[in-house]
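Observations on chain architecture
Listed here are the chains, written in short residue letters.
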Amino acid sequence: MNIYSWSNLDRNGRESLFLRPSDKHVDKEVVRKILLDVKERGTEAVLRYTEDFDKVRLSDIFVEKGEISSAFDAIDSSLRLAFLQAAGNIETFHRSQLELVKDIKVVVESGVVCEQVSRPISRIGIYVPGGTAPLFSTVLMLAIPARIAGCTEIVVATPPQRDGKIDPDILAACQLSGVTEIIKVGGAQAIAALAFGGDGLLPVNKIFGPGNAWVTEAKRQVTQICPSVGCDLPAGPSEVLVLADETADANFVVWDLLSQAEHGADSQVLLVSTSEDKIREVLSLLEQIVPDLDRADLVRSSLANSRAIFCENLDAAIDCSNQYGPEHLIINTKNPRDLFEKVTAAGSVFLGPWSPESVGDYASGTNHVLPTSGAAHFTGGVSLSSFLRRITVQELSSEGLLNLASTVETMATHEGLSCHANAVRVRRRVLENSLVVNREKGRGSEC
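I will try to describe carefully the structure that is included in this document. Owing to the predicted nature of the structure, the values given are computational and were not obtained by experimental measurement.

A separate point is the overall build of the chain. The helix and strand tally for the chain stands at 18 helices and 14 strands. Along the three orthogonal principal directions, the C-alpha set of the chain runs to about 105 × 60 × 45 Å. A total of 447 residues make up the chain; the buried ones form 50% of that total. Nonlocal contacts in the chain, meaning residues at least 24 apart in sequence, comprise 75% of its contacts between residues at least 6 apart. Working note: accessible area of the chain is about 21,500 Å², and carbon and sulfur atoms make up 51% of it.

Structural data, given as structure tokens:
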């Protein structure tokens, strides 16, 4: 990791620090070709890409129901207990969000009633990475809130192993979480399969899940090719920014950095510190630890894309973090909550020395599908509302229409939209004529 001084960098220098490595590695035209090929040829194309990219020849992309039904009981007992605790916390946190998506009904003025109601997205797709590290935790993170939201069909797409089967831990998570369908497909072709469907596979309404740069690019493009299918957010490759002062334990900082670096060669980790001594201590520990790691080559590639940034004070450090907009932000300082109040852009924040990013990835209860590549500047991570359609409703009485008629007619006329104005005007005239008739009838009865 190269060391930079924040105060010595101009605007362009600071922006160059925050270039994501994933921007360099994806051939967007290749992704587009895959999407269009699957759209045209369906499962035939999916099977061919699976053989080309994953080196697995399949006759069918579906996982049979029988393979799922006993999957949870088949995994290690300690992992079963871990699944249950993590799933319980995820359920608790996301179920609490039901309060935030309650239907509302408001009388905005006499005769004008407006509502907002929630309807679950009927059929969702979940992409679960299964390459160098099968992320069974992603199943829990997405299928559990989908079930709470009321989604009736939950389809998981995940790459097959070399034997043509799905990772057994992913299968177990699918069974525990209520997944209704699983396909053995990874990469950009999986996003295409979810969006366009195929033999026996219906398209989904929205696609969720993290992935490598190719998957993220496929999610971006598929919504342009098929506007009726939505995607959650840019969720990958993974990134973390650790903000540490002189009180931080360097050992803690090192492992927080490495836990993100081991996700893949295109992951990015940043160390931002107000202590030059702390930076040197962390970098020295990295040099000692990395060679002995199981995934040392991946980590080295990731660290090559990474930075250590010295800031003269905590205000400059938080400014640096906000400009980057990290997926994960760890604040390991003396008074972390004070700094948190100044955070404006981050996917998920971890406060203090006892809150490693790992707990958010697995078991604290918050969602680990988070915005990457700077998307934290405009959106948050997946939540219960991500699985719902928010529909607004308005119902006007005759009185309500008359109350708004003049305003709507005036505004529509000034925008040059005469039909908008007439849609109100014809109704107003009917009501006004009716009022005149009723008044005349009233005078007649008095005579």
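This paragraph deals with the pattern of salt bridges. Following the criterion strictly, the structure yields 21 salt bridges and no others. A salt bridge links Arg41 to Glu44; the nearest nitrogen and oxygen atoms lie 3.0 Å apart. On the basis of relative accessibility, which here comes to 52%, the residue Glu44 falls in the exposed class. Several salt bridges share partner residues, and in doing so they unite Asp37, Arg41, Glu44, Arg48 and Asp52 into one network.

All right, on to the side chain of His368 then. By secondary structure assignment, the location of His368 is in the loop between helix 16 (357-362) and strand 14 (388-396). By relative accessible area, which is 9% here, His368 ends up buried. Polar contacts involving the side chain of His368 include one to the main-chain carbonyl oxygen of Asp361, which spans 2.8 Å. With residues up to four places along the chain from it excluded, the contact list for His368 reads Ser137, Thr138, Met141, Glu327, Gly360 and Asp361.

All right, on to the sheet that holds strand 3 (residues 112-120) then. In space, the three strands of this open sheet follow the order 2-3-14, with antiparallel pairing throughout. Two strands close off the open sheet at either side, each with one partner strand: strand 2 (104-109) and strand 14. The average angle at which neighbouring strand axes cross in this sheet is 20°, direction not considered. Where strand 2 meets strand 3, five bridges bridge the pair, whose relative direction is antiparallel. Residue pairing across strands places Ile104 opposite Gln116, the latter belonging to strand 3.

Once that is clear, we can look at the packing of aromatic side chains. Summed over the entire model, instances satisfying the criterion amount to seven aromatic pairs. Ring centres 5.5 Å apart and planes at 65° place the aromatic pair Phe252 and Trp354 in the edge-to-face group. Remark: Trp354 occurs in the loop between strand 13 (348-351) and helix 16 and Phe252 occurs in helix 11 (residues 250-261); sequence separation between them is 102 residues. Given a relative accessible area of 71%, Trp354 falls into the exposed group. Through pairs of rings, three or more aromatic residues link up here, namely Trp6, Phe18 and Tyr324. Above the plane of the ring of Trp6 lies Arg14, whose end atom (NZ or CZ) is 4.1 Å from the centre. Positioned above the aromatic ring of Tyr49 is the side chain of Arg48, whose terminal nitrogen or guanidinium carbon lies 4.6 Å from the ring centre.

Bringing the pairing of strand 12 (residues 328-332) into the picture now. The buried count for strand 12 comes to five of five residues, which makes it a mostly enclosed element. Neither face of strand 12 is left uncovered, since the one carrying His328, Ile330 and Asn332 and the one carrying Leu329 and Ile331 both have all their residues buried. Where strand 9 (residues 239-244) lies against strand 12, five bridges are found, and the strand directions are parallel. What sits directly across from Val240, in strand 12, is His328. Relative to strand 13, strand 12 is paired through four bridges, and the arrangement is parallel. Considered in strand 13, the bridge of Ile331 is made with Leu351.

Let us now look at helix 8 (residues 168-177). Three or four residues apart is the spacing at which side chains of an α-helix point the same way, because the helix has 3.6 residues per turn. Of the residues making up helix 8, those classed as buried are Ile170, Leu171, Ala172, Ala173, Cys174 and Ser177. Looking at the buried positions of helix 8, the neighbouring elements they touch are helix 4 (65-69), helix 5 (71-74), helix 6 (77-95), helix 7 (136-149), strand 5 (153-158) and strand 6 (181-184). Backbone geometry just downstream of helix 8 places Gly178 in the positive-phi region, at approximately 90°.

Another point: a nonpolar patch on the surface. Residues Ile104, Val106 and Val108 make up a contiguous nonpolar surface patch of roughly 240 Å² in combined accessible area. Take Ile104: it is sitting in strand 2.

The strand order across the open sheet formed by six strands is 1-11-10-9-12-13, and the pairing between neighbours is parallel. Each of the sheet's edge strands pairs with one partner strand only, and the pair in question is strand 1 (2-5) and strand 13. Sheet twist, expressed as the average angle between the axes of neighbouring strands with direction ignored, equals 20°. Contacts from helix 11 reach strand 9, strand 10 (268-273) and strand 12 within the one sheet, and its direction differs from that of strand 9 by about 170°. The sheet strands contacting helix 14 (residues 314-324) are strand 9, strand 10, strand 11 (307-310) and strand 12, and the helix crosses strand 9 at an angle near 175°.

In the Ramachandran plot, Lys55 falls in the positive-phi region, its phi being about 60° despite a non-glycine side chain. Along the chain, Lys55 falls in the loop between helix 3 (43-54) and helix 4. With a phi close to 55°, Ser373 is a non-glycine residue in the positive phi region. Looking at the secondary structure, you find Ser373 in the loop between helix 16 and strand 14.

Okay, the environment of Glu281 next. Relative to the elements of secondary structure, Glu281 occurs in helix 12 (residues 276-289). C-alpha separation for the pair Glu281 and Arg220, spaced 61 residues apart in sequence, amounts to 40 Å.

Criteria and cut-off values
- Residues numbered from 1 in each chain as written.
- Predicted model: local features only at pLDDT ≥ 70, side-chain atom pairs only at ≥ 80, totals over all residues.
- Heavy atoms only, no water.
- Helix = DSSP H or I, 4+ residues; strand = E, 2+ residues; numbered from the N terminus.
- Buried < 20%, exposed > 50% of the residue type's maximum accessible area, 1.4 Å probe, protein only.
- Contact = heavy atoms within 4.5 Å.
- Areas by Shrake-Rupley, 256 points an atom, 1.4 Å probe, with all protein chains shown as cover.
- Salt bridge = Lys/Arg side-chain N within 4 Å of Asp/Glu carboxyl O.
- Polar contact = N/O pair within 3.5 Å; in protein donor to acceptor, adjacent residues only side chain to side chain.
- Pairing = 2+ DSSP bridges.
- Axes fitted to C-alpha atoms, helices over the stretch in contact; angles between N-to-C directions.
- Phe/Tyr/Trp six-rings, centres within 6.5 Å; stacked < 30°, edge-to-face > 60°.
- Lys NZ or Arg CZ within 6 Å of the ring centre and 35° of its normal.
- Patch = residues over 30% accessible without salt bridge, like charges linked within 9 Å, V, L, I, M, F, W, Y side chains within 5 Å.

Spatial relationships are all this shows, so hold off on functional conclusions.
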